[in-house]
Amino acid sequence: MAVERTLSIIKPDATRRNLTGKIIAKFEDAGLRVVASRRIRLSQAEAEAFYGVHKERPFFKDLVQFMISGPVVVQVLEGEGAIQKNRDVMGATNPANAAAGTIRKEFAESIEANSVHGSDAPETAANEIKFFFRDLDIVG
Ligand code: ADP
Ligand code: MG
């Protein structure tokens, strides 16, 4: 399996509850390395652009409002099969369906406030990393 990079976001429900460290520990315990990290407050325009693929979904407006409701931590994670590995550590979108030990099972508040975002495929990972980071800001 090749070494990959993927984009992670620790969402406002998790930063509000001071869970950043506990979530990063889950990534590191799974063999993922944090190779870039920034704590930011998304603007409405940035959140709408980032989640543009969901703009026709009924939850889009609420999702954007949630994502700008507090700080987020955007990170690049690196490792063997990092895209799928991160999705495995995150757990299912709806915490009610997430497996034991996953971030969403342990920490998510709801299907919307589900603590983390993770890229879902190589092409989205590349685009999402570019959305937040310059090549020079990623140090593997
Ligand atoms: P994932 O984050 O697991 O890749 P999606 O890409 O389908 O899930 O959805 C993006 C985000 O939109 C989810 O993480 C969650 O915050 C929110 N979301 C998804 N489905 C719903 C829903 N049915 N109701 C409210 N929010 C949702
Ligand atoms: Mg998704």
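Residues numbered from 1 in each chain as written. Chains lettered and ligands numbered in written order. Predicted model: local features only at pLDDT ≥ 70, side-chain atom pairs only at ≥ 80, totals over all residues. Heavy atoms only, no water.

Visitor: Please give an account of the site of ligand 1 that cites residues and values.
Guide: With respect to spatial proximity, the complete set of residues near ligand 1 consists of Lys11, His54, Phe59, Leu63, Arg87, Thr93, Arg104, Ile111, Glu112 and Asn114. Separating an oxygen atom of ligand 1 from a side-chain N or O atom of histidine 54 is a distance of 3.0 Å. Computed on the free molecule, ligand 1 has an accessible area of 530 Å², of which 79% lies beneath the protein chains in the complex. Its residues assigned to classes, the shell around ligand 1 shows three nonpolar, three polar and four charged. (Near = heavy atom within 4 Å. Polar contact = N/O pair within 3.5 Å; in protein donor to acceptor, adjacent residues only side chain to side chain. Areas by Shrake-Rupley, 256 points an atom, 1.4 Å probe, with all protein chains shown as cover. Nonpolar A, V, L, I, M, F, W, Y, C, P; charged D, E, K, R; others polar.)

Visitor: Got a sec to walk through the pattern of salt bridges? Specific residues and values, please.
Guide: This structure, assessed with the given rule, holds five salt bridges. Across the pair arginine 17 and glutamate 109 runs a salt bridge whose closest N-O atoms are separated by 3.4 Å. Within this pair, whereas arginine 17 is found in the loop between α1 (12–16) and α2 (20–29), its partner glutamate 109 is found in the loop between α6 (103–107) and β4 (116–118), the two being separated by 92 residues in sequence. Salt bridges linked by common partners bring Asp13, Arg17 and Glu109 together as one network. (Salt bridge = Lys/Arg side-chain N within 4 Å of Asp/Glu carboxyl O. Helix = DSSP H or I, 4+ residues; strand = E, 2+ residues; numbered from the N terminus.)

Visitor: How would you explain the nonpolar core if you had to name every residue and give the values?
Guide: When a protein is soluble and globular, its nonpolar side chains tend to lie buried together. Ranked by size, the top nonpolar core spans 23 residues in total, and within it Ile9, Leu42, Met67, Phe132 and Phe133 carry the most contacts. For this core, the secondary-structure elements that each account for two or more residues are β1 (3–10), β2 (33–40), α3 (44–50), α4 (60–67), β3 (72–80) and α7 (122–132). No other element matches α4, which puts five residues into this core. Listed in part, the 15 residues of the second largest apolar core include Leu19, Ile24, Ala82 and Phe107. (Core = buried A, V, L, I, M, F, W, Y, C linked by side-chain atoms within 4.5 Å. Buried < 20%, exposed > 50% of the residue type's maximum accessible area, 1.4 Å probe, protein only.)

Visitor: How would you summarise helix α5 (residues 82–90) if you had to cite specific residues and measurements?
Guide: Residues Ala82, Ile83, Asn86, Val89 and Met90 constitute the buried set of α5. For α5, the angular spread of buried residues about the axis comes to 130°, placing them on one side. In this structure, the buried residues of α5 make contact with β1, α2, β3, α6, β4 and α7. Within two residues after α5, glycine 91 carries a phi angle of roughly 90°, on the positive side. (Arc of directions from axis to C-beta. Contact = heavy atoms within 4.5 Å.)

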